[in-house]
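So you can see what is in the structure, the chains are spelled out below.
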Amino acid sequence: MISAFERRLKDRRDELEWLYMELYDRRDRLDELLERMAEAYRQRSQSLRRLDAKREENPEWFRAGKMLGMTMYTDLFAGNLTELEKRLDYLTGQGITYLHLMPLLKMPHPDNDGGYAVEDFDQVDPSLGTNEDLSRLTAAMRRRGMSLCLDFVINHTADTHPWAMRAKAGEQEYIDRYICFDTPDIPREMEKTIPDVFPETAPGSFLYQEQMKKYVCSSFHPYQWDLNYRNPAVFNDMVCSMLHLANLGVELLRIDAVPYLWKEMGTTCRNLPKVHTIMRMIRLITETVCPAVILKGEVVMAPKELAPYFGTAEKPECHLLYNASTMATQWSALASADVRQLKRQLDDLHSLPAHCCFVNYLRCHDDIGWGLNEEFGRTIGIDPLAHKKYLYEFFEGSYPGSFARGERYNYNPVTQDARTCGTTASLCGIEKGLYEGDEAQVTQGIQRDLMMHAAMMCMSGFPMLSSGDEIGQLNGYDYHQDPDRWEDSRNLHRIRFNWDNAALRTQPGTVQQRIWDGLRRLEELRAGERCFGPDAWVTTWDTGNRQVLALVRRVEGETLTCLFNFSDQFQTVHMDAMEGEFEDLITGERGPCSTRQLWPYQYCLCRRRDGQ
């Protein structure tokens, strides 16, 4: 009787072999990879093999309406992995089914870019625990119906990684694992077409390494060296590190900086065809060894550039991608009280094939980059640069009349581009209201916060919260006094979780209770309503009002019309196609949905069953 591994490999081997040989033309390396895959399967526990079998029967498990994600830093939330395990009941109380822990593999200190400079892809950082701690945590999470997501930093290593240290020592085998040149000629030519990731703090894509006497590709920070995926040894070792994490119980791998994996002269070194060859091979390998694991790609691109990273329905790549563009357009809609760009953004996403699934979120560990659809913006009278400046000034609180409190990030004086940092609560006006002792401002800030979350949760895809948003956590300004952190304004929202404030979520009338209960109501509706199931058809709808966004979700026999007022004024909407009586699942009111009046920042979820 053949094993599950042999059965799955039989279905995938021809394609995997063809892709590998096309890319590397190294039969010996392919044979080595296949043996290491078999060994990873042999080391997979019986409980994880049972999960593999269950997920093979239901490969769309992550699309269920009950799915709710949260992202956090282990140390900021609980200190370490052992203490985090003790806090799982808190997350269960929020209905979390998916927990994304920010990078926790061995890293240098203090320069590690929030953990994205990795010294060892197979070992938990000692400051956070051990591999055994991680394995115990994932087992405890599975018992609660929760899945763990970890970052896998596929594009680069820390310059203190053993490979980099051996490269610095002159070992050619390890020099070849990085993108290195003896003279500046090729690097300087490549930099003519490669956009800077951090133009202010880390301009350029190459650095001169004195010890090696070579120019090394470094797309992000100088202490992060890009890996050479033309070398099959790099691919084999990195994939096997992924399988090692999967065998520790990690169920979702967030593949970092996917578009950057392949470099070619005369290109932007983004989104090149070989990237998709690599991602397709990774999908085939994980489906063979550990089909319970899914891949989430970090691809911060325009919608038209996202679809290729899903692959095709027949030859898929990533299971999930981040919906960064909608995050930006949603905040833009809030600042401008104009949903037209947001509606267009959602329409673009809805036009993608059905197998494309996005992670929706308001905030994450990173900034808000104002990458809006400039071409469409011009058609509705929006000047792209003026609007971008308006947005980052509005959300830092310097624009007259702004309710937000945040900070700029990565300002480029040449292009006048900048990004925005801050927690959801602070950007929605709660911080300003509390600081000024104005309860009316606080109440309206909470309403903005909940409306923004409601819109995010009603969109097609997978909702993810940022830790602390469930209790309205505010910006943390103490990083300005920390020399290890003060240069990175993203630390404004990378703050220690306030457990004292979390305890206030049960006290009526507190900010924490109002936000917690409001989110729980939305989360419970999403988990229980058929229209949030994976088979729902989702589209935007014309409201006849640029201040109000409408989303319609439909399954057989039922329609859910979701309305969101992005303005601080009463608004009326007309939706002639929405005839019949609806029940508002938020207020319990019944009545027609064809004409509705919404108070400032109100959101409605109106359900109609056929025959009503």
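Residues numbered from 1 in each chain as written. Predicted model: local features only at pLDDT ≥ 70, side-chain atom pairs only at ≥ 80, totals over all residues. Heavy atoms only, no water.

Participant: How would you summarise the overall build of the protein if you had to cite specific residues and measurements?
Facilitator: Broken down by element type, the protein carries 22 helices and 25 strands. Relative to the 2.2 N^0.38 estimate, which gives 25 Å for 612 residues, the radius of gyration of the protein is 24 Å and therefore close to what a compact globule would have. Across the 612 residues that make up the protein, the buried fraction comes to 61%. Partitioning the contacts of the protein with sequence separation of at least 6, the portion at a separation of at least 24 is 70%. Distance between charge centroids for the protein: 3 Å, based on 71 positive and 91 negative side chains. (Helix = DSSP H or I, 4+ residues; strand = E, 2+ residues; numbered from the N terminus. Rg over C-alpha atoms; globule rule 2.2 N^0.38 Å. Buried < 20%, exposed > 50% of the residue type's maximum accessible area, 1.4 Å probe, protein only. Contact = heavy atoms within 4.5 Å. Lys, Arg positive; Asp, Glu negative; His and termini not counted. Charge placed at Lys NZ, Arg CZ, Asp CG, Glu CD.)

Participant: Residues and numbers for the nonpolar core, please.
Facilitator: Among the nonpolar cores identified, the biggest contains 175 residues, and Tyr-229, Phe-235, Trp-331, Phe-564 and Phe-566 are the most heavily contacted of them. Sort the elements by how many residues they give to this core and helix 20 (residues 439–458) lands first, with 10 residues. Non-local contacts of Tyr-229, meaning those with residues more than four positions away in its chain, are made with Tyr-24, Ile-154, Val-234, Phe-235, Met-238, Leu-261, Trp-262 and Ile-278. Leu-563, Val-573, Met-578 and Cys-604 belong to the second largest nonpolar core, which has 12 residues in total. (Core = buried A, V, L, I, M, F, W, Y, C linked by side-chain atoms within 4.5 Å.)

Participant: If you had to explain the sheet that holds strand 19 (residues 548–555) to someone new, which residues and values would you point to?
Facilitator: Across a sheet, paired strands are connected by hydrogen bonds in the backbone, their directions being either parallel or antiparallel. Strand order in the open sheet formed by six strands is 18-19-20-25-22-23, with antiparallel pairing between adjacent strands. Strands with a single pairing partner mark the edges of an open sheet, and in this sheet they are strand 18 (537–541) and strand 23 (590–592). Direction aside, neighbouring strands of the sheet carry axes that sit 30 degrees apart on average. Summarising the sheet, strand 22 (residues 581–584) and strand 25 (residues 603–609) pair through two bridges and their orientation is antiparallel. Its bridge partner being in strand 25, Asp-584 is matched across the sheet by Cys-606. Against the sheet, helix 15 (residues 340–350) touches strand 18 and strand 19, its axis set at about 150 degrees to strand 18. Running over the sheet, helix 20 touches strand 19, strand 20 (558–565) and strand 25 and is turned about 145 degrees from strand 20. (Pairing = 2+ DSSP bridges. Axes fitted to C-alpha atoms, helices over the stretch in contact; angles between N-to-C directions.)

Participant: Kindly report on empty space enclosed by the protein, identifying the contributing residues and their values.
Facilitator: Using the criterion set out here, one finds four cavities of 30 Å³ or more in the structure. Approximately 250 Å³ is the volume attributed to the largest cavity. Considering the residues around the largest cavity, the lining is formed by 21 residues, among which Ser-466, Ser-467, His-493, Arg-494 and Ile-495 are closest to the centre. Elements supplying a minimum of two residues to the lining of the largest cavity: strand 1 (69–72) and helix 4 (74–77). One number sums up the size of the second largest cavity: a volume of about 80 Å³. If you go around the second largest cavity, the residues you meet are Gln-341, Trp-370, Leu-372, Asn-373, Glu-374, Gly-377, Ile-382, Pro-384, His-387 and Lys-388. (1 Å grid on protein atoms, 1.4 Å probe; cavity = no way out; pocket = protein on both sides within 12 Å on 5 of 7 lines; lining within 4 Å. Points joined across faces, edges and corners; volume = space filled by probe spheres on them.)

Participant: How would you explain the packing of aromatic side chains if you had to name every residue and give the values?
Facilitator: Ring pairs (aromatic) are described by centroid distance and by the angle formed between their planes. Evaluated as defined, the whole model comprises 27 aromatic pairs. Judged by centre distance (5.0 Å) and plane angle (55 degrees), the ring pair of Phe-220 and Tyr-260 falls under tilted. Of this pair, Phe-220 sits in the loop between strand 9 (214–217) and strand 10 (224–226) while Tyr-260 sits in the loop between strand 11 (252–255) and helix 12 (273–289), and the two are 40 residues apart along the sequence. Judged by relative accessible area, which is 11%, Phe-220 ranks as buried. By way of ring pairs, the aromatic residues Trp-331, Trp-370, Tyr-390, Phe-394, Phe-395, Tyr-399 and Phe-403 are connected into one cluster. Seen from the ring of Trp-163, Arg-177 lies directly overhead, with NZ or CZ sitting 4.4 Å from the centre. (Phe/Tyr/Trp six-rings, centres within 6.5 Å; stacked < 30°, edge-to-face > 60°. Lys NZ or Arg CZ within 6 Å of the ring centre and 35° of its normal.)

Participant: Talk me through the pairing of strand 12 (residues 294–297); I want residue IDs and the actual numbers.
Facilitator: Here strand 12 shows two buried faces, one formed by Ile-294 and Lys-296 and the other by Leu-295 and Gly-297. Where strand 11 and strand 12 come together, four bridges link them in parallel fashion. Paired with Leu-252 across the strands is Ile-294, a residue of strand 12. As paired elements, strand 12 and strand 13 (residues 320–322) share two bridges and run parallel to each other. Across the sheet, the residue bridging to Lys-296 is Leu-320, located in strand 13.

Participant: Before we move on, could you go through helix 20 and cite the residues and values that matter?
Facilitator: The end-to-end C-alpha distance of helix 20 is 28 Å, a good match for the 28 Å that 20 residues give at a rise of 1.5 Å each. The element helix 20 is extensively covered by neighbouring structure, given that 16 of its 20 residues are classed as buried. The N-cap of helix 20, judged by a side-chain oxygen 3.0 Å from the amide nitrogen of Ala-440 a few residues on, is Asp-438. (Expected span 1.5 Å × (residues − 1). Polar contact = N/O pair within 3.5 Å; in protein donor to acceptor, adjacent residues only side chain to side chain.)

Participant: Before we move on, could you go through the sheet that holds strand 5 (residues 147–152) and cite the residues and values that matter?
Facilitator: Spatial ordering of the closed barrel is given by 1-2-5-11-12-13-14-17, a layout of eight strands whose pairing is parallel. On average, each strand axis in the sheet is tilted by 30 degrees relative to the strand beside it, whichever way the strands run. For strand 13 and strand 14 (residues 358–361), the ladder comprises two bridges, and the chain directions are parallel. By the bridge assignment for strand 14, Tyr-322 is matched with Val-359. Contacting strand 5 and strand 11, helix 11 (residues 232–247) crosses the sheet at an angle of about 155 degrees to strand 5.

Participant: If you had to explain the side chain of Thr-277 to someone new, which residues and values would you point to?
Facilitator: In this fold, Thr-277 is placed in helix 12. Residue classification places Thr-277 among the buried positions, given a relative accessible area of 12%. Aside from chain neighbours lying at most four places away, what touches Thr-277 is Leu-19 and Leu-23.

Participant: An account of the packing of helix 11 against helix 12 is needed here, citing residue identities and associated values.
Facilitator: The N-to-C vectors of helix 11 and helix 12 enclose an angle of 40 degrees; their axes lie 11 Å apart at closest approach. Relative to helix 12, helix 11 is oriented oblique. Crossing geometry of helix 11 relative to helix 12 is assigned as right-handed. Across from Phe-235, Val-239, Met-242 and Leu-243 in helix 11, the residues of helix 12 making contact are Ile-278, Met-281, Ile-282, Ile-285, Thr-286 and Val-289. (Parallel < 35°, antiparallel > 145°, perpendicular 65-115°, else oblique. Left-handed = near helix turned anticlockwise from the far one by under 90°.)

Participant: I'd like to hear about unusual backbone geometry, residue by residue, with values.
Facilitator: Note the cis peptide between His-109 and Pro-110, where omega equals 5 degrees. Structurally, the position occupied by Pro-110 is in the loop between strand 3 (105–106) and strand 4 (120–124). In this structure, Asp-25 takes a positive phi of about 50 degrees despite not being glycine. Turning to its location among the elements, Asp-25 is positioned in the loop between helix 1 (4–24) and helix 2 (27–42).

Honestly, it's all geometry; don't read function into it.
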